[in-house]
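# Fold and geometry: a report
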Amino acid sequence: MNIVTGTPADLSVEIMAGVAHYRHRVFVEKLGWQLRCENALEYDQFDRDDTVYVVAHNAEHEVVGTARLLPTTRPYLLDEVFPQLLHGMAPPHSPDVWELSRFAAVDFSERGSSALAQFSSPIAVGLLQASLECAARHGAKRFITVSPLGVERLLRIAGFRAHRLAPPMIVDGNPVFACSIGCETHGAPTAARELALC
Amino acid sequence: MHLSPDGLIRLTVDQLLSTPLEHLVSGVDPEAHVVPAACGTQTSLSGYTEWISTRDPTISIGWDWRLQTLACGVRWVRVGLPRSNLMLTQDTGADSSWHGNLEILGTIVDALAWREILPQVVAARYA
């Protein structure tokens, strides 16, 4: 697995198009999220010139994982779309805190796996570690995310230090919550698991 | 009890013990399956349960559970340590270790009446 990071200016047009297409396959086609898309490409108002991307490719140069990093000093998903998940707590606006979103690690070249089983973890854990290291290089000390509740369980099993910021809420029939993940160095992952963050 | 910039609520064990917690939501894992857990036991169902305080800032504690099938009946068992937005502090005001914090929370949630609620949750799931 090869991982590249950077803003759109740092990455090629082909990589950025691959990210948008991959996100459409994962979040719209597989998970059924109701997201505005054009031409099977998924992107939104948080995909900006200053957005940092982490992209994993397999040996065939196919996208097998993506993550989107946003500084909380500018508009971000939790603050703008899901502030209710903080239960009245002020959303962070700090160079120390970055948001992790559109995290997915599905290798579509793997045969015989279900959509959920394909959130497999050598990719997911490697991608998350790369995202944490990338954010740390930008000054982050912790991530915040909007996540399905099960992700908290999987982060712990995979060896990441994470905690909820407030109680979970039911959104579209599923429990989701605001999560905080420390950017400190982590040890080797302990298990293969699924991860998908909003 | 206070909410810290890192999003954790810091309080002492005594403060937590004096804070009523109520059931928020519970669920059954989508892929419940039978897995031998130990000699003479079987696991047939698993899931999660979430509890909150009714005061601000809102305390949130959740944990996983498993239904063990035994020869003499069934038993609801907490699996692993709780997940929470709490950090228990010592008398000095210093934080507990993260693992120690969760260990104490585990003993506290074991005293809650979650085993009385889960049969209703499971019954609703399979009704």
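Residues numbered from 1 in each chain as written. Chains lettered and ligands numbered in written order. Predicted model: local features only at pLDDT ≥ 70, side-chain atom pairs only at ≥ 80, totals over all residues.

## Comments concerning the overall build of chain B
Test applied: Every helix listed is a DSSP run of H or I at least four residues long, and every strand listed is a run of E at least two residues long, numbered separately from the N terminus. Field definition: a residue is buried when 20 or more other C-beta atoms are found within 10 Å of its C-beta, exposed when 12 or fewer are, and partly exposed for counts in between, with C-beta atoms placed from the backbone. Contact between two residues is assigned when their C-beta atoms, built from the backbone, lie within 7 Å.
If you tally the helices and strands in chain B, you get three helices and eight strands. In chain B, the succession of helices and strands from N to C terminus is β-β-α-β-β-β-β-β-β-α-α. The proportion of buried residues among the 127 residues of chain B is 22%. At a minimum sequence separation of 6, the contacts of chain B that also span at least 24 residues come to 49%.

## Considerations on the sheet that holds strand S8 (residues 86-88) of chain B
Residues and elements named next belong to chain B. Note the following rule: By the convention used here, strands pair only if DSSP detects at least 2 bridges between them.
The strand order across the open sheet built from three strands is S1-S2-S8, with neighbouring strands paired in mixed fashion. A single partner strand is all that each edge strand has here, and the edge strands are strand S1 (2-3) and S8. For S1 and strand S2 (residues 9-11), the ladder comprises two bridges, and the chain directions are antiparallel. Each residue of the ladder has a partner; that of Leu3, found in S2, is Ile9.

## Side note on the interface of chain B and chain A
Put simply, the rule reads: Each residue is assigned to one class: nonpolar for Ala, Val, Leu, Ile, Met, Phe, Trp, Tyr, Cys and Pro, charged for Asp, Glu, Lys and Arg, and polar for all the others, Gly among them.
With 16 residues of chain B in contact, the opposing surface of chain A contributes 15 residues. Contributing elements (two or more residues each) for the side of chain B that touches chain A: strand S3 (21-28), strand S5 (41-53), strand S6 (60-70) and strand S7 (73-84) of chain B. Here the element with the most residues in the side of chain B that touches chain A is S5(B); it accounts for three residues. Grouping the constituent residues of the side of chain B that touches chain A by class yields seven nonpolar, five polar and four charged.

## Structural notes on the confidence of the model for chain A
Residues and elements named next belong to chain A. Heads up, the condition is: What pLDDT conveys is the predictor's confidence in a given residue, as a value from 0 to 100.
Summarising the model, chain A shows a mean pLDDT of 87, and 87% of its residues fall at 70 or more. Strand S4 (residues 52-57) holds the highest mean pLDDT among the elements of chain A, 97, whereas strand S11 (residues 196-197) holds the lowest, 60. Under a pLDDT of 50 for its full length, residues 115-120 has, in the predicted model, 15 contacts with residues more than four places off or in other chains. Contacts of residues 187-194 to residues separated by more than four positions or lying in other chains number 23 contacts, the stretch itself having pLDDT below 50.

## Structural notes on the pairing of S6(B)
Residue and element names in this part refer to chain B. Here S6 runs beside S7; their pairing, made up of nine bridges, is antiparallel. Its bridge partner lying in S7, Leu67 is registered against Trp76. Hairpin connection, S6 to S7: the antiparallel pair is bridged by two residues.

## Observations concerning the confidence of the model for chain B
Mean pLDDT over chain B stands at 86; residues scoring 70 or higher make up 88%. Both confidence scores are given for the complex: pTM 0.84, ipTM 0.82.

## Points about unusual backbone geometry
The peptide bond linking Asp56(B) to Pro57(B) adopts the cis configuration, its omega dihedral lying at -10°. Positive phi is not limited to glycine here, since Ala40(A) has a value of about 60°. With respect to the helices, strands and loops of the structure, Ala40(A) is situated in the loop between strand S2 (37-38) and strand S3 (41-42). Although it is not a glycine, Asp172(A) sits at a positive phi angle of roughly 55°. Along the chain, the position of Asp172(A) falls in the loop between strand S9 (169-171) and strand S10 (174-182). What makes Asp172(A) exposed here is the crowd of 8 C-beta atoms within 10 Å.

## Comments concerning helix H4 (residues 150-157) of chain A
All names here are of chain A. Counted residue by residue, H4 has six buried out of eight residues, so it is predominantly covered. By the burial criterion, the buried members of H4 are Gly150, Val151, Glu152, Arg153, Leu154 and Leu155. A positive phi of about 95° marks Gly159, the residue just after H4.

## Quick notes on the nonpolar core
Within soluble globular proteins, side chains that are nonpolar tend to cluster in buried spots. Worth spelling out the cut-off: By definition, a nonpolar core groups buried Ala, Val, Leu, Ile, Met, Phe, Trp, Tyr and Cys residues that are joined through C-beta atoms within 7 Å.
Grouped together as the largest cluster of nonpolar side chains are 55 residues, with contacts concentrated most on Leu69(A), Trp98(A), Leu127(A), Ala135(A), Phe143(A), Ala178(A) and Cys179(A). The greatest single-element share of this core, amounting to eight residues, is contributed by helix H3 (residues 121-137) of chain A. When residues no more than four places from it in sequence are discounted, the contact partners of Phe143(A) are Trp98(A), Glu99(A), Leu100(A), Leu132(A), Ala135(A), Ile181(A) and Cys183(A). Judged by nonpolar contacts, the second largest core, of 11 residues, contains Ile52(B), Leu86(B), Leu102(B) and Leu105(B).

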